[in-house]
Amino acid sequence: TKNLLKSLDQPLEISILLDGELNAGFTRLKKATTEMAEELGIYAGGGYRISDSGKQAADIGTQLQPVVIHERTHKGKTAQTTVFPYALVKYGNRTQIVHLLKNQRGLSGEENLNNSIENLEYAFAEAIRHLTQTEVEKIAFLEGHGELEEQYVYDLTQALAQYYQVDRGVLGKESGVLDGYKAVIIADPQQPFSESDKYILDQYVMQGGRILWVVNGVRFSEDFLSSQGATPIIALELNINDLLFRYGIRINHALVQDLQCMPVPVDVSSNTSEPNWQPMPWTYAPLLLTSQTSSITRNVAQVSATMASAVDIVGGEDGIYKEVLLATSSASRLTTAPAKVDLTMGSNGEDFKQAFLPVAVSLEGTFSSIYAHLLPPEEVTLATPLLRQSKPTRQIVVAAGSTIRNEWQQGKPLPLGYDRYTQMQFGNRDFMVNAVLHLTDDEGWLQLRKK
């Protein structure tokens, strides 16, 4: 961070909007933010100032949503205070908003404030890097295998567009088609990959390319599930099992069940003309735990999923560093395909004896090509000679297509990870954005999240 600040060729101005009548917790956050701003100013040769939050918020517009704090006074009455937990970083004629408050569902106010203070250096460094960025890296969503349509990754695309040029497209037959892309996202494919597709992806990895695989292990019918309350599940054969296995991962043809799960609306009425929808816990909609030791998932809220698979880590002596990012709770089990999944299935706690089943894993190191001892597919136009060993690179495998999908309501996209039935926001967007930032982060900036 010091080196970044010393490289600036213009003054840096930080405006802290967190002001006014603050309680002890927010006063502590303001003090930590002010100290951080002072330190940044020392190395950047700029300054900071405390701004009038209401005026600044009005100037910026609706991007800054106030936080309302409800507290009891010493007389037992309820007091309401409105705060703006933001800072504005200005560099030249550009301004970036810094969110000072990180709210994670399930944590106390004090824990969230502590996490917010821990995150300050990363939040400011990220804003400054964004303001000083002169070249925009390219990433791409893959198409051609029944991946999620653009509307269902709209929220993530918008979030990533702050950092990258985001493209979409099919692979074709040219082996170097992905050259120039820093990372590729494969979002919930439903159709098999051809041998030429596999070769192009494998050689992209060998060249040092990074892939975010968001891939289910089973095939199921959402239409059957919504209309009939049940669906058969069968193995989803995408013709990439051998490729992922060579890289160190096996996606199970099974679904995880978890007692720590989301409720779904179920019609409990026996009269079809008068439905009675009631929320029922559904173990096939797990709330996935996030690793607190990874820079990708530290202080990220639980990630919601439906119909998620588990992954096995293989090749223990292959030199690839593997880290579990998402896992089930301590009360889990697996349903192996083929089987039938029913919305009204009960949950006997005694049957949930498995714990912390991995659902997402990061991989980092030097990978071996699956084509090391095979000829390239005849239909591929070779742009470069076959590489049998990769440059040091990274991949992430998430065995749940639902984790990357945003829903729509009344013609508008909902935020990724927002559940419209419970009106809760989960950590899906933060997780996916951090995953892509990690894949493309050559300098190790994301490690600041572990401070």
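First, a word on what this report is: a plain description of the structure on this page. (Residues numbered from 1 in each chain as written. Predicted model: local features only at pLDDT ≥ 70, side-chain atom pairs only at ≥ 80, totals over all residues. Heavy atoms only, no water.)

**Remarks on the packing of aromatic side chains**
Overall, the coordinates contain five aromatic pairs when judged by the stated rule. With a centroid separation of 5.6 Å and 55° between ring planes, the pair formed by Trp 282 and Tyr 284 is classed as tilted. For Arg 405, the ring lying beneath its charged end belongs to Tyr 152, and the centroid distance is 4.1 Å. (Phe/Tyr/Trp six-rings, centres within 6.5 Å; stacked < 30°, edge-to-face > 60°. Lys NZ or Arg CZ within 6 Å of the ring centre and 35° of its normal.)

**Comments concerning the pairing of strand β5 (residues 86-91)**
Buried residues dominate β5, accounting for five of its six residues. Note that strand β1 (residues 12-16) and β5 share five bridges and pair antiparallel. The residue bridging Leu 12 from the neighbouring strand is Tyr 91, located in β5. Here β5 runs beside strand β6 (residues 94-99); their pairing, made up of six bridges, is antiparallel. Among the inter-strand pairings, Tyr 91 is bridged to a residue of β6, identified as Arg 94. Turn length for the β5-β6 hairpin, with the two strands adjacent in sequence and antiparallel, is two residues, and the turn residue Gly 92 shows positive phi of about 65°. (Buried < 20%, exposed > 50% of the residue type's maximum accessible area, 1.4 Å probe, protein only. Helix = DSSP H or I, 4+ residues; strand = E, 2+ residues; numbered from the N terminus. Pairing = 2+ DSSP bridges.)

**Focus: the pairing of strand β22 (residues 358-365)**
Counted residue by residue, β22 has seven buried out of eight residues, so it is predominantly covered. The pairing of strand β19 (residues 321-327) with β22 spans six bridges and is classified as antiparallel. From the neighbouring strand, Leu 326 faces β22, where its bridge partner is Ala 360. Here six bridges tie β22 to strand β23 (residues 393-398), and the two strands are oriented antiparallel to one another. Note that in β23 the partner of Ala 360 across the bridge is Val 398.

This is a description of form; function is not addressed.
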